[in-house]
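Below, each chain spelled out in residue letters.
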Amino acid sequence: MKIEKLFESAGFCHRAGCFDLICSKGIIDGSEGEAIRKEGNSVIAETSDFRAEMQLEKQNGVYVRRDFFTNLSNEPIVLNRYYARFSFVTDNAQVYTQFSNWCNESQGAWQTLKTSVSVENAGVRTAQEGTPMLGLWDENTGRGVAFHLLANASWKMSAKKAASTMTDHVAVVEAGILDERLALLVAPGETITLPEIIFFEFASKTDMGCTKLHQYLSEKTAAGNLQQLVSKL
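Residues numbered from 1 in each chain as written. Predicted model: local features only at pLDDT ≥ 70, side-chain atom pairs only at ≥ 80, totals over all residues. Heavy atoms only, no water.

A few points about the pairing of strand 17 (residues 196–202)
Here is step 1 of the chain: Most of strand 17 sits inside the fold, with 6 of its 7 residues counted as buried.
Here is step 2 of the chain: Bridge analysis of strand 12 (residues 143–150) against strand 17 gives 7 bridges, and the strand direction is antiparallel. The residue of strand 17 that forms the bridge with Leu-150 is Glu-196. (Buried < 20%, exposed > 50% of the residue type's maximum accessible area, 1.4 Å probe, protein only. Helix = DSSP H or I, 4+ residues; strand = E, 2+ residues; numbered from the N terminus. Pairing = 2+ DSSP bridges.)

Okay, here's the thing in structure tokens:
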């Protein structure tokens, strides 16, 4: 698994590209011919009515993905789906997800990715019944990628096995706001911030590289505390 290969937009709908987006003004699903461009650390899909933007930042061994949806039109747009997408070329993957409930937290397991696997939360408790993280492991390479969603709404994470050609397979990971009954009204000129996603490679299915996450969050917290302290001086 190569991180730099995750955002290929080779023209396969529902498999390629960075976005899985449906709104009242159109669809962005990785199809060939979509107006997608790169600007620095950003990937942008834009029509005359709306823009989807992914900003990617690397810090201390982890990648942070931030997504934004902007209404460019002069009338409201209804956003029905916006999932961040990652595609891996692999035909032998396993997926890790977790169930979580009172006194039964972090009940997780690995399972072979034969068709699709998903975890979601439709309530107000971020980790009730499902934990907003997902691990993908490639049995052929002995490497994996962990995804952690910083939920700001009801959420969903999924992985599915798909065919990119007649013989090649991909594992497609998607994460974001739960699209079930989603009808988010976006005003003209308004920008919606989607849930932040932290992801990174790991070499052990036991700890899934958790020290990278701990270090990133510790340093981010320390920097935030220092900034607050300076602002009070």
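A word on the confidence of the model for the protein
Here is step 1 of the chain: Per-residue confidence for the protein gives a mean pLDDT of 87, with 88% of residues at or over 70.
Here is step 2 of the chain: Put simply, helix 1 (residues 210–231) is where the protein has its lowest mean pLDDT, 74, and strand 15 (residues 184–186) is where it has its highest, 98. (pLDDT = per-residue confidence, 0-100.)

Concerning the nonpolar core
Here is step 1 of the chain: In this structure, Phe-19, Leu-21, Phe-69 and Phe-147 are the most contacted members of the largest nonpolar core, which totals 42 residues.
Here is step 2 of the chain: Apart from residues lying up to four places away in sequence, Leu-21 is in contact with Gly-26, Ile-27, Ile-28, Phe-50, Ala-52, Phe-69, Leu-79, Arg-81 and Tyr-82.
Here is step 3 of the chain: Formed by 12 residues, the second largest nonpolar core is a distinct cluster that contains Tyr-96, Met-133, Phe-200 and Leu-213. (Core = buried A, V, L, I, M, F, W, Y, C linked by side-chain atoms within 4.5 Å. Contact = heavy atoms within 4.5 Å.)

With respect to the pattern of salt bridges
Here is step 1 of the chain: Across all of its chains, the model carries 12 salt bridges by this definition.
Here is step 2 of the chain: A salt bridge links Arg-81 to Asp-179; the nearest nitrogen and oxygen atoms lie 2.9 Å apart. Remark: Asp-179 occurs in the loop between strand 14 (169–177) and strand 15 and Arg-81 occurs in strand 7 (residues 77–89); sequence separation between them is 98 residues.
Here is step 3 of the chain: Its relative accessible area of 24% is what places Arg-81 among the partly exposed residues.
Here is step 4 of the chain: Note that Glu-180 and Arg-181 form a salt bridge whose closest N and O atoms lie 2.9 Å from each other.
Here is step 5 of the chain: Assessed through its relative accessible area of 73%, Arg-181 is described here as exposed.
Here is step 6 of the chain: Put simply, Asp-20, Arg-81, Arg-85, Glu-174 and Asp-179 are held in one network by salt bridges that share partners. (Salt bridge = Lys/Arg side-chain N within 4 Å of Asp/Glu carboxyl O.)

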